[in-house]
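What follows is each chain in one-letter form.
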Amino acid sequence: MTEYLLIALALLGVLILGGLGLVVPRLRRRPEPPLPQTEVDTRAEEDLAGPPVEAPESELSTGILVEPPPVVEAPPVEVPEPTAGRLVRLRSRLSRSQNVFGKGLLGLLSRDHLDEDAWEEIEDSLITADVGIDATRDIVDRLRERTRVLGTRSATDLRTLLAAELVHALDPTLDRSLRTAPKEGVPAVVLVVGVNGAGKTTTCGKIARVLVADGRTVLLGAADTFRAAAADQLETWGGRVGAETVRGPEAADPASVAFDAVKRGIDTGVDTVLIDTAGRLQNKIGLMDELGKVKRVVEKHGPIDETLLILDATTGQNGLEQARVFTEAVNVTGVVLTKLDGTAKGGIVIAVQRKLGIPVKLVGLGEGKDDLAPFDPAQFVDALLGTEPLARDA
Ligand code: GDP
């Protein structure tokens, strides 16, 4: 019996050990789960190429119709406002100056008795309005003389006399036309100069609109390569009226851009080429050299027809000093006074003409695209005084 028991125990032990032998090796040898094939293969490529680009589902596989890319159409070409009568339409923009001239001066003149003090006050008002000392003396002397000789007393007559003297100070006989017409198939070339910020680029754009409104074809030259945004700004202005803009690479030589613009204008047969320039004033010699070079290089194609100096009316007498630098560098043929809507010193028009001896041809009366008006002394004075043209002419 004991023998049987021993044999049974021995058999049980063998069975247990055998079972363990089968299980343990199986646990030890279980293989590492393999990495999915794609993960292994693409890892190195991803490091080099960045995240994979998703392949869009095809129209066939999704059954969804894919919209074709939108066609970008050029913006419609605008038809600018005609220039005739703009100064009259924009006269309310001179409201700040009107307070000084219309209300102030006319108020003083209509006093019962014009004694020395009154005349001095009239003089002060004109000087405050930036008319300039010399011009003010002339205007007041002539006004005193005429009121004395004519015995003028009524407010209406005094106003008529003042208007006449202001128009006289603005010299209505000056030629204010812009020389923008082509000659024998060659485009007229207009150079636009002035201190940065005076409104050169804006004015170039506005002039382009004026010319297009008058039926001309225009090309713009972005020779203000100093200010990065100037070429974009000019291109936008040109694009609106269908005018091409020639521009150079960033920080290109302004003279070479100006040269290319005129060449392109000749090749394409436009009527007028308008060239915007840079006006850095930090270095007078540098500015004069740069503008002198632009002028010389452009004149290889032929003479420049018009050189417009853009002056910011709000800078008053300081602006006049800066203006001289430009008149020394290039032959300025006309002045554009910008931002007259932003000053109470509309008298600067008189001072500019008198000091520079150059006619004011255009005036800027706002930031709007057609807020540029041909300058007319009589209309301007009427706008300053708040009078109607007929009342003065009567
Ligand atoms: P640039 O550096 O001389 O080319 O000057 P911009 O043409 O860039 O003009 C400078 C700023 O003056 C802009 O904000 C224009 O909108 C503004 N400007 C130009 N002309 C006039 C104007 O007649 N009236 C007013 N109020 N702003 C103007």
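Residues numbered from 1 in each chain as written. Predicted model: local features only at pLDDT ≥ 70, side-chain atom pairs only at ≥ 80, totals over all residues. Heavy atoms only, no water.

Some thoughts on the pairing of strand 1 (residues 188-193)
For step 1, the next point in the chain: Within strand 1, 6 of the 6 residues are buried, which leaves it mostly tucked inside the rest of the structure.
For step 2, the next point in the chain: On strand 1, burial covers both faces: A188, V190 and V192 on one face and V189, L191 and V193 on the other are all buried.
For step 3, the next point in the chain: Summarising the sheet, strand 1 and strand 4 (residues 272-277) pair through 5 bridges and their orientation is parallel. Paired with V189 across the bridge in strand 4 is V273. (Buried < 20%, exposed > 50% of the residue type's maximum accessible area, 1.4 Å probe, protein only. Helix = DSSP H or I, 4+ residues; strand = E, 2+ residues; numbered from the N terminus. Pairing = 2+ DSSP bridges.)

Overview of the side chain of D130
For step 1, the next point in the chain: Tracing the backbone shows D130 in the loop between helix 6 (116-128) and helix 7 (133-150).
For step 2, the next point in the chain: At 3.4 Å, the side chain of D130 forms a polar contact with the side chain of Q317.
For step 3, the next point in the chain: Look past the residues within four positions of D130 in its chain and what remains in contact with it is G316, Q317, K345, G347, I348 and A351. (Polar contact = N/O pair within 3.5 Å; in protein donor to acceptor, adjacent residues only side chain to side chain. Contact = heavy atoms within 4.5 Å.)

Description of the sheet that holds strand 5 (residues 306-312)
For step 1, the next point in the chain: Taking strand neighbours across the sheet as the criterion, the 8 strands line up as 3-2-4-1-5-6-7-8 in an open arrangement whose pairing is mixed. Of all strands in the sheet, those bounded by a partner on one side alone are strand 3 (244-247) and strand 8 (372-374). Adjacent strand axes in the sheet meet at a mean angle of 25 degrees, parallel and antiparallel pairs treated alike.
For step 2, the next point in the chain: Strand direction decides the pairing type here: strand 2 (residues 218-223) and strand 4, joined by 6 bridges, are parallel. The residue of strand 4 that forms the bridge with A223 is T277.
For step 3, the next point in the chain: Its contacts with the sheet place helix 9 (residues 200-213) against strand 1, strand 2, strand 4, strand 5, strand 6 (334-338), strand 7 (360-364) and strand 8, and it is angled at close to 170 degrees to strand 4. (Axes fitted to C-alpha atoms, helices over the stretch in contact; angles between N-to-C directions.)

Some thoughts on the site of the ligand
For step 1, the next point in the chain: By nearness alone, 18 residues border the ligand, and G197, K200, T201, T202 and E367 come closest of all.
For step 2, the next point in the chain: In the model, an oxygen atom of the ligand is placed 2.7 Å from a nitrogen or oxygen of the G197 main chain.
For step 3, the next point in the chain: D341 is positioned with one of its side-chain polar atoms (N or O) 2.8 Å from a nitrogen atom of the ligand.
For step 4, the next point in the chain: Within the complex, 81% of the 580 Å² of free accessible area of the ligand lies under protein.
For step 5, the next point in the chain: The element best represented in the shell around the ligand is helix 9, accounting for 4 residues.
For step 6, the next point in the chain: Here the shell around the ligand is composed, by residue class, of 3 nonpolar, 9 polar and 6 charged. (Near = heavy atom within 4 Å. Areas by Shrake-Rupley, 256 points an atom, 1.4 Å probe, with all protein chains shown as cover. Nonpolar A, V, L, I, M, F, W, Y, C, P; charged D, E, K, R; others polar.)

As for the pairing of strand 5
For step 1, the next point in the chain: With 7 of 7 residues buried, strand 5 lies mostly within the body of the structure.
For step 2, the next point in the chain: Pairing geometry for strand 1 and strand 5, over 4 bridges, is parallel. Among the inter-strand pairings, V190 is bridged to a residue of strand 5, identified as E306.
For step 3, the next point in the chain: Across 5 bridges, the pairing between strand 5 and strand 6 is parallel. Bridge pairing in strand 6 places L309 opposite V335.

Some details on the confidence of the model for the protein
For step 1, the next point in the chain: Across the protein, the average pLDDT comes to 83, with 79% of residues at 70 or higher.
For step 2, the next point in the chain: Throughout residues 17-62 the model reports pLDDT below 50, and contacts reaching past four residues in sequence, or to other chains, amount to 8 contacts.
For step 3, the next point in the chain: Per-residue pLDDT stays below 50 along residues 390-394; that stretch engages in 5 contacts with residues further than four places along the chain or on separate chains. (pLDDT = per-residue confidence, 0-100.)

Describing helix 7
For step 1, the next point in the chain: Spanning 18 residues, helix 7 covers 26 Å between terminal C-alpha atoms, matching the ideal 26 Å at 1.5 Å per step.
For step 2, the next point in the chain: Among the residues of helix 7, A135, T136, I139, V140, L143 and T147 are the ones counted as buried. An end-on view of helix 7 places all buried positions within 125 degrees of arc, on one side of the element. In this structure, helix 7 carries R148 and V149 as exposed residues pointing more than 90 degrees from its buried face. (Expected span 1.5 Å × (residues − 1). Arc of directions from axis to C-beta.)

Overview of the pattern of salt bridges
For step 1, the next point in the chain: Taken as a whole and assessed by the stated rule, the structure comprises 22 salt bridges.
For step 2, the next point in the chain: The residue R247 makes a salt bridge to D232 at a minimum N-O spacing of 2.9 Å. One end of the pair, R247, is in strand 3; the other, D232, is in helix 10 (residues 228-240), and 15 residues separate them in sequence.
For step 3, the next point in the chain: With a relative accessible area of 35%, R247 lands in the partly exposed category.
For step 4, the next point in the chain: For D232, a relative accessible area of 41% translates into the label partly exposed.
For step 5, the next point in the chain: Here E299 makes a salt bridge to K295, at a shortest N to O gap of 3.4 Å.
For step 6, the next point in the chain: Ionic contacts of the salt-bridge type, sharing partners, join the residues E78, R86, R209, K369 and D370 into one network. (Salt bridge = Lys/Arg side-chain N within 4 Å of Asp/Glu carboxyl O.)

Concerning the packing of aromatic side chains
For step 1, the next point in the chain: Tallied over the entire structure, the rule returns 1 aromatic pair.
For step 2, the next point in the chain: One cation-aromatic arrangement involves R240 over W237; the distance from NZ or CZ to the ring centre is 5.1 Å. (Phe/Tyr/Trp six-rings, centres within 6.5 Å; stacked < 30°, edge-to-face > 60°. Lys NZ or Arg CZ within 6 Å of the ring centre and 35° of its normal.)

Some points on the environment of S97
For step 1, the next point in the chain: Among the secondary structure elements, S97 is positioned in helix 5 (residues 95-109).
For step 2, the next point in the chain: A C-alpha to C-alpha distance of 5.4 Å links S97 and G346, two positions 249 residues apart in sequence.
For step 3, the next point in the chain: Separated by 2.9 Å, the side chain of S97 and the backbone nitrogen of G346 make a polar contact.

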